[in-house]
Amino acid sequence: MAPPTELPARPERGGAPGSRAMGRLVALGLLGIALALLGERLLALRNRLKASGEVESVDLPNCHLIKGIEAGSEDIDILPNGLAFFSVGLKFPGLHSFAPDKPGGILMMDLKEEKPRARELRISRGFDLASFNPHGISTFIDNDDTVYLFVVNHPEFKNTVEIFKFEEAENSLLHLKTIKHELLPSVNDITAVGPAHFYATNDHYFSDPFLKYLETYLNLRWANVVYYSPNEVKAVAEGFDSANGINISPDNKYIYVADILAHEIHVLEKHPNMNLTQLKVFELDTLVDNLSIDPSSGDIWVGCHPNGQKLFVYDPKNPPSSEVLRIQNILSEKPTVTTVYANNGSVLQGSSVASVYDGKLLIGTLYHRALYCEL
């Protein structure tokens, strides 16, 4: 009888011990690289937010809080006749609010009055007031003296631009048009250049909240500026970290854009075809929000956030601070920057805009109060 055939040994699952060890080393290396990348991005985000930023107080002697503004006045625009418009009550997922259940609105203040006070403007029937969530605003005066108010709106956290006609005799706004467009996925601010024409900033490329967060975390720099008209819509400037405030020079030759997380103001030249080319980037040591232009001097007034982390992670015991900068001669080689006002949050939290008119200064905030000062 022949001896039984010896069966070959079955190889161990997972391969030889050496190959298993190598696979684990590769996986461990990849995990280490991923964690290092995440840590680097987190550190970079803290730097972009200026998470350790503090401010030294700069007081103005003749200021008082504006009655009737308790939950933010994110943007302010002032007409040549001294009528100031306030965008109030902005809400975003994860953003603090002192009036989470109250719809937003538009307030007006006549700065020519001896004691100006804020009044809410009535809005025409048919407009959805319950979901009104106003953000950036801009005015345009047509050749026939018609005043148009453009409002960035986030109804149910979507993105639209609303165009109103201001009816001064009735202290009201007549809603004319709602604009939605695929090139306006995350609109922040707006500057009107015609009765239905404007430049707008997108602070993110995406509209989905999670993708927005990922875009910010990874610093993809996909934010942009879009030109809109009834006949043409196009991106005219790109590569921003988070494009925020936007405005136009008094001579209509230049567009100014605040890149809030890059701490920069971009100066762009406007061309007859409405395209923009970048002339310079002016760096600052704070998070720059909305930009207002003094029509008489061309100076840029900026509402700033010295510490962005305090702004977005709200702690009433350690509230966000406020800062107002005045920039003179921005087109020169050495613009002059003056800190006009600064507060640690004890009076004003999260300043987002500063606008001037005839020796008067209005300071608005993302979700807190508003300040009226006589300079």
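From a predicted model like this one, the values you see are computed outputs, not experimental measurements.

We now examine the sheet that holds strand E6 (residues 122–123). Across the sheet, 5 strands lie side by side as E6-E10-E9-E8-E7; this open sheet has mixed pairing. At either margin of the open sheet sits one strand with a lone partner, and together these are E6 and strand E7 (134–141). Of the pairings in the sheet, the one linking E6 to strand E10 (residues 172–179) comprises 2 bridges and is parallel in character. When the bridges of E10 are listed, Arg 122 appears paired with Ser 172.

What follows deals with unusual backbone geometry. Residue Phe 157 is not a glycine yet carries a positive backbone phi of 65°. Within the element layout of this structure, Phe 157 appears in the loop between strand E8 (147–153) and strand E9 (160–167). Classification of Phe 157 as partly exposed rests on a relative accessible area of 45%. The phi dihedral of Asn 329 is positive, around 55°, even though this residue is not glycine.

Moving on, we come to the environment of His 305. Position of His 305 relative to the elements: it lies in strand E20 (residues 300–305). Looking at His 305, the relative accessible area reads 1%, which means it is buried. Taking the C-alpha atoms as reference points, His 305 and Glu 56, separated by 249 residues in sequence, lie 13 Å from one another. Setting aside its immediate chain neighbours within four residues, His 305 contacts Ile 260, Thr 286, Leu 287, Asp 289, Leu 311, Gly 350, Ser 351 and Ser 352.

A word on the state of the cysteines. Here is the idea: a disulfide is a covalent bond, and it sits between the sulfur atoms of two cysteines. One pass over the structure, following the stated rule, counts 1 disulfide. No disulfide involves Cys 304; its nearest neighbouring cysteine sulfur is the one of Cys 373, lying 15 Å away.

With numbering matched to this structure, UniProt assigns "active site" (unreviewed entry) to His 135. With respect to the helices and strands, His 135 occurs in strand E7. For His 135, a relative accessible area of 3% translates into the label buried. Dropping the residues within four chain positions of it, His 135 is found in contact with Glu 74, Asp 75, Ser 87, Leu 90, Phe 92, Val 152, His 154, Val 187 and Asn 188.

Among the 7 residues of strand E21 (residues 322–328), 5 are classified as buried, and the element is accordingly described as predominantly covered. Pairing of E20 with E21, which is carried by 5 bridges, proceeds in the antiparallel orientation. Bridge assignment links Trp 301 to a residue of E21, and that residue is Arg 326.

Moving on, we come to the pattern of salt bridges. Inspection of every chain in the model, using the stated rule, returns 10 salt bridges. In this structure, the salt-bridge partner of Arg 369 is Glu 70, at a minimum N-O distance of 3.3 Å. One end of the pair, Arg 369, is in the loop between strand E24 (360–365) and strand E25 (371–374); the other, Glu 70, is in the loop between strand E1 (63–65) and strand E2 (73–78), and 299 residues separate them in sequence. Judged by relative accessible area, Arg 369 falls into the buried class, the value being 19%. Since its relative accessible area comes to 45%, Glu 70 is described here as partly exposed.

Right, let's get into the UniProt feature "binding site: Ca(2+)" (unreviewed entry) in the protein. UniProt feature "binding site: Ca(2+)" (unreviewed entry): in the numbering of this structure it lies at Glu 74, Asp 75, Ile 137, Asn 188, Asp 189, Asn 244, Asp 289 and Asn 290. Spanning 217 residues, the named residues form one tight spatial group whose C-alpha atoms are at most 13.2 Å apart. Note on placement: Glu 74 falls in strand E2. Given a relative accessible area of 2%, Glu 74 falls into the buried group. For Ile 137, the location among the structural elements is in strand E7. Among residues more than four places away in sequence, those in contact with Ile 137 are Asp 75, Ile 76, Asp 77, Phe 85, Phe 86, Ser 87, Ile 106, Leu 149, Phe 150, Val 151, Asp 189 and Ile 190.

Within the fold, Gly 39 resides in helix H1 (residues 17–49). Distance in space between the C-alpha atoms of Gly 39 and Tyr 217 is 11 Å, their sequence separation being 178 residues.

In this section: the sheet that holds strand E4 (residues 105–110). What the 4 strands build is an open sheet, ordered E2-E3-E4-E5; its pairing is antiparallel. Two strands close off the open sheet at either side, each with one partner strand: E2 and strand E5 (119–120). Note: E2 against strand E3 (residues 83–88), 5 bridges, orientation antiparallel. The residue of E3 that forms the bridge with Ile 78 is Ala 84.

Conventions used here
- Counting of residues starts from 1 at the beginning of each chain's written sequence and follows it residue by residue.
- Note on the predicted model: pLDDT of at least 70 is required for a residue's local features to be given, and 80 or more for side-chain atom pairs to be given and counted; whole-chain, interface and lining totals, by contrast, use all residues.
- With hydrogens and water stripped out, all remaining heavy atoms of the structure feed into the side-chain values.
- At least two bridges found by DSSP between two strands are what make those strands a pair.
- Secondary structure counts use DSSP, requiring at least four H or I residues in a row for a helix and at least two E residues in a row for a strand, with both numbered from the N terminus.
- We call a residue buried when its accessible area falls under 20% of the maximum for its residue type, exposed when it is over 50%, and partly exposed in between, using a 1.4 Å probe and counting protein chains only.
- Contact criterion: two residues are considered in contact whenever any of their non-hydrogen atoms come within 4.5 Å of each other.
- To count as a disulfide, a pair of cysteine sulfur atoms needs to be within 2.5 Å.
- UniProt positions are given in the numbering used here, feature names are shortened, and annotations may be inferred rather than shown by experiment.
- Salt bridges are counted wherever a side-chain nitrogen of Lys or Arg sits within 4 Å of a carboxyl oxygen of Asp or Glu.

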